[in-house]
Amino acid sequence: MTTQVQATVKYLQEQGFGRPALAIILGSGLGGLADQLTGAAHAPYEQIPGFAPSTVAGHAGRLVFGYIESLPVVAMQGRFHYYEGHSQQQIAFAVRTMHALGASKLIVTNAAGGLNPGFSVGDLMLIRDHINYTGGNPLLGLNDDSLGPRFPDLSHAYDQKMRSQANDVASRLGIPLQQGVYLAVSGPSYETPAEIKTFARLGADAVGMSTVPEVIAAVHCGMQVLGISCITNMAAGLGAEKLAHDEVIEVTVRVRDQFQNLVMELIKSEEW
Ligand code: HPA
């Protein structure tokens, strides 16, 4: 483990953070789940050594430790994006910190544009696999062998068992759950219709500006990952509307309860 991660873990433990079993990264408009943790300790990103401040509206920007029933959880309420100017290594640092605190599983959530014509605005999509179109990779540079291998295998980046558990819980709750491939771009500009046509041909079902760097870092250090996208709009050229961040937030707020319900029930229903 790197010395910097160790120092950060020590700082968080001094702020009352315990040993989490599960890490959760909450995307745009979905941060409310962290407010449901009991016995919570908080640390604003700007005060955590090694973390950078988050700069996007709709992201609270703090790390929260607490419990869902008896399960200890660490949650990122707001995340770091590549388009904010953070390096993907900085994005990885937050994931490695949560892993070093003790989390062996990660649930990562995001807002995404839909490409699959079978999708509708407001749908939830389980991420089956991803395409890294960001142009970066969080593992560039020297590899710390104590964290994970130089050339990690991503054949099973999104844990099959967690996905099937999520499907079971969703059908029990009557929440429709799509499944598909998430393609990550750097942003911050939304895509052109020509790019979206290309991405559809590449096999993407949804497009967004996050998640992939975090998932690569998580798989690298051996975490099991579940990813869920909230389809907040149809991607450029596929819907009638002009794309706007406010609408993305509006849709996540609309489906937030369903989304939180799914994640909470998932956590409560299984042995994590
Ligand atoms: N494109 C990229 N990122 C997004 C979108 C989109 O259409 N919607 C929400 N995040």
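Model, not experiment: these values are computed from the prediction.

**Student:** Can you walk me through unusual backbone geometry in this structure?
**Tutor:** Of the consecutive residues G187 and P188, the connecting peptide bond is found in the cis state with omega at 0°. Of note, P188 is situated in the loop between β7 (177-184) and α4 (193-202). One non-glycine residue, E69, lies in positive phi territory at about 50°. Tracing the backbone through its elements, the reader meets E69 in the loop between β3 (62-68) and β4 (71-77). Relative accessible area serves as the criterion here: at 58%, E69 is assigned to the exposed category. Its identity as a non-glycine residue notwithstanding, T211 has a phi of 70°, on the positive side. Inspection of the secondary structure assignment puts T211 in the loop between β8 (206-208) and α5 (212-220). For T211, a relative accessible area of 0% translates into the label buried.

**Student:** What is the right way to read empty space enclosed by the protein from this model?
**Tutor:** Unfilled space is identified by rolling a water-sized probe across the atoms. Throughout the structure, instances matching the rule amount to 1 cavity of 30 Å³ or more. By volume, the largest cavity amounts to about 50 Å³. Surrounding the largest cavity, F80, H81, Y82, I91, T134, V185, S186, M209, S210, T211, P213 and E214 form its lining. When its residues are assigned to classes, the lining of the largest cavity shows 6 nonpolar, 5 polar and 1 charged.

**Student:** Would you explain the packing of aromatic side chains in this entry?
**Tutor:** When we look at a pair of aromatic rings, we describe it by the centre distance and by the angle of the planes. If you walk through the whole model with that rule in mind, you get 7 aromatic pairs. Here F17 and F65 contribute two aromatic rings whose centre-to-centre distance is 6.0 Å and whose plane-to-plane angle is 40°, an arrangement assigned as tilted. Here the residue F17 occupies a position in the loop between α1 (3-14) and β1 (22-26), and F65 occupies one in strand β3, the gap between them amounting to 48 residues. On the basis of relative accessibility, which here comes to 5%, the residue F17 falls in the buried class. Given the relative accessible area of 3%, F65 is considered buried. Relative to F199, the ring of Y133 has its centre 4.8 Å away and its plane inclined at 65°; by these criteria the two rings are edge-to-face. With Y133 in the loop between β6 (124-132) and α3 (160-173) and F199 in helix α4, the pair connects residues that are 66 residues apart, well separated along the chain.

**Student:** In this structure, what is going on with the pattern of salt bridges? I would like to understand it.
**Tutor:** Opposite charge on two side chains lets them pair, provided their charged atoms get close. Following the criterion strictly, the structure yields 3 salt bridges and no others. A salt bridge links K10 to E14, with the shortest nitrogen-to-oxygen separation between them at 3.1 Å. Residue K10 and its partner E14 are both found in helix α1; the two are separated by 4 residues, about one turn of the helix. Note on accessibility: K10 and E14 belong to one class, exposed.

**Student:** Where do I start with the site of the ligand in this structure?
**Tutor:** Close to the ligand lie A111, A112, G113, Y190, E191, V207, G208, M209, T232, N233, L243 and V248. The backbone of A111 places a nitrogen or oxygen atom 3.4 Å from a nitrogen atom of the ligand. G113 places a polar main-chain atom, nitrogen or oxygen, 3.3 Å from a nitrogen atom of the ligand. Against a free-state accessible area of 260 Å², the protein chains account for coverage of 95% of the ligand. The cavity that encloses the ligand is the largest pocket. When contributions to the shell around the ligand are tallied by element, the ones reaching two or more residues are β5 (105-114), β8 and β9 (224-234). Take the shell around the ligand: its biggest share by element is 3 residues, from β5.

Rules behind the numbers
Residues numbered from 1 in each chain as written. Predicted model: local features only at pLDDT ≥ 70, side-chain atom pairs only at ≥ 80, totals over all residues. Heavy atoms only, no water. Helix = DSSP H or I, 4+ residues; strand = E, 2+ residues; numbered from the N terminus. Buried < 20%, exposed > 50% of the residue type's maximum accessible area, 1.4 Å probe, protein only. 1 Å grid on protein atoms, 1.4 Å probe; cavity = no way out; pocket = protein on both sides within 12 Å on 5 of 7 lines; lining within 4 Å. Points joined across faces, edges and corners; volume = space filled by probe spheres on them. Nonpolar A, V, L, I, M, F, W, Y, C, P; charged D, E, K, R; others polar. Phe/Tyr/Trp six-rings, centres within 6.5 Å; stacked < 30°, edge-to-face > 60°. Salt bridge = Lys/Arg side-chain N within 4 Å of Asp/Glu carboxyl O. Near = heavy atom within 4 Å. Polar contact = N/O pair within 3.5 Å; in protein donor to acceptor, adjacent residues only side chain to side chain. Areas by Shrake-Rupley, 256 points an atom, 1.4 Å probe, with all protein chains shown as cover. Sits in = over half its atoms within 2 Å of the grid points.

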